[in-house]
Amino acid sequence: MGRGKFKGKPTGRRQFSTPEEMLAGTSTRPRTFRREEAEEEVEREESEEESEEESDDETEKKKSTQGVIEIENPNLVKPKTVKARQVNFEKTTELSRREREEIEKQKAHERFMRLQEQGKTEQARKDLERLAMIRQQRADAAKKREEEKAAKEQKKSEARK
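To keep things clear, this report deals only with the structure shown in the data block. These numbers come from a predicted model, not from an experiment. Sequence order sets the numbering: in each chain, residues are counted from 1 along the sequence as written. Reporting of local features is limited, given that this is a predicted model, to residues whose pLDDT is at least 70; pairs of side-chain atoms are given and counted only at 80 or more, and all residues count toward the totals for whole chains, interfaces and linings. Computation of side-chain values: all heavy atoms of the structure, hydrogens and water removed.

## Some words on the environment of alanine 124
- Here a helix means four or more residues in a row that DSSP labels H or I, a strand means two or more in a row labelled E, and each is numbered from the N terminus. Along the chain, alanine 124 falls in helix α4 (residues 122-160).
- For every residue, the accessible area (1.4 Å probe, protein chains only) is compared with the maximum for its type, and the residue is labelled buried under 20%, exposed over 50%, or partly exposed between those bounds. Residue alanine 124 is classed as buried on the basis of its relative accessible area of 4%.
- Along the chain, alanine 124 and methionine 113 lie eleven residues apart, while their C-alpha atoms are 9.9 Å from each other.
- By the convention used here, residues are in contact when the closest approach between their heavy atoms is within 4.5 Å. When residues no more than four places from it in sequence are discounted, the contact partners of alanine 124 are Gln116 and Gly119.

## Structural notes on a nonpolar patch on the surface
- The grouping of Val82, Val87 and Phe89 at the surface amounts to a nonpolar patch, some 340 Å² of accessible area in total.
- The residue phenylalanine 89 is located in the loop between α2 (31-57) and α3 (97-118) in this model.
- We classify phenylalanine 89 as exposed; its relative accessible area is 73%. Grouping into patches uses exposed residues only, defined as over 30% relative accessible area, and leaves out salt-bridged ones; the cut-off is 9 Å for like charges and 5 Å for nonpolar side chains (Val, Leu, Ile, Met, Phe, Trp, Tyr). Accessible surface area values rest on a Shrake-Rupley calculation with a 1.4 Å probe, where residue burial reflects the displayed protein chains alone. Salt bridge, as applied in this entry: a Lys or Arg side-chain nitrogen positioned within 4 Å of an Asp or Glu carboxyl oxygen.

## Some remarks on the pattern of salt bridges
- Following the criterion strictly, the structure yields two salt bridges and no others.
- Taking the shortest distance from any N to any O, the salt bridge between glutamate 101 and arginine 97 comes out at 3.3 Å. Taken together, the residues span about one helical turn, with glutamate 101 and arginine 97 both in helix α3 at a distance of four residues.
- Note on glutamate 101: relative accessible area 42%, which makes it partly exposed.
- Where arginine 130 meets aspartate 127, a salt bridge forms, and the shortest distance between an N and an O atom there is 3.2 Å. Taken together, the residues span about one helical turn, with arginine 130 and aspartate 127 both in helix α4 at a distance of three residues.
- A residue is classified by how much of its surface remains accessible, and arginine 130, at 47% relative accessible area, is partly exposed.

## Some words on α3
- An ideal rise of 1.5 Å per residue puts 32 Å on 22 residues; α3 measures up with 32 Å between its terminal C-alpha atoms.
- Just beyond α3, the residue with positive phi is glycine 119, at close to 80 degrees. Helix span, expected: 1.5 Å multiplied by one less than the number of residues in the helix.

## Some details on the side chain of threonine 121
- Secondary-structure assignment places threonine 121 in the loop between α3 and α4.
- The exposure class of threonine 121 is buried, given its relative accessible area of 12%.
- N or O atoms closer than or at 3.5 Å make up a polar contact, with two conditions inside protein: a donor-capable atom paired with an acceptor-capable one, and, for residues adjacent in sequence, both atoms drawn from side chains. At 2.8 Å, the side chain of threonine 121 and the side chain of glutamine 116 are in polar contact.
- Polar side-chain contacts of threonine 121 include one of 3.2 Å to the backbone nitrogen of alanine 124.
- Sequence-distant contacts of threonine 121, defined by excluding residues within four places in its chain, comprise Phe112, Leu115 and Gln116.

Bear in mind that shape data such as this cannot, by itself, settle questions of function.
Structure follows, in structure tokens:
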């Protein structure tokens, strides 16, 4: 039989047993496989019986390793369910340090901006002085331009006469 250009390794061939061979018991599967299969079947039956008993006791489903490892984890935060009747409106929750600092920072910024608008901070005073100087310089420059323009017009009118 021609296999083509490449030959497969003899260890790589798979041999499947037919249903007739399986019934006859002449399958090429190793004998240990049947034993393992029987053991697994017994374990499945036992686990089904246990799971029925456990399902009556526990209604919660455990995720991944939670059901296997039952250790008190100090870092694990357990969700607390609070009913509407148990809610206490008078109790105020304390903020964390970061939250408190963030709120203080926002209040300080708002206070600074209010003072800035009123012109009571040093930075605002300096800005206002600089602004006044700029306005003065622009006013002086505008006057100078007007005077030069008036002088030009006067020269033109004298030149026409």
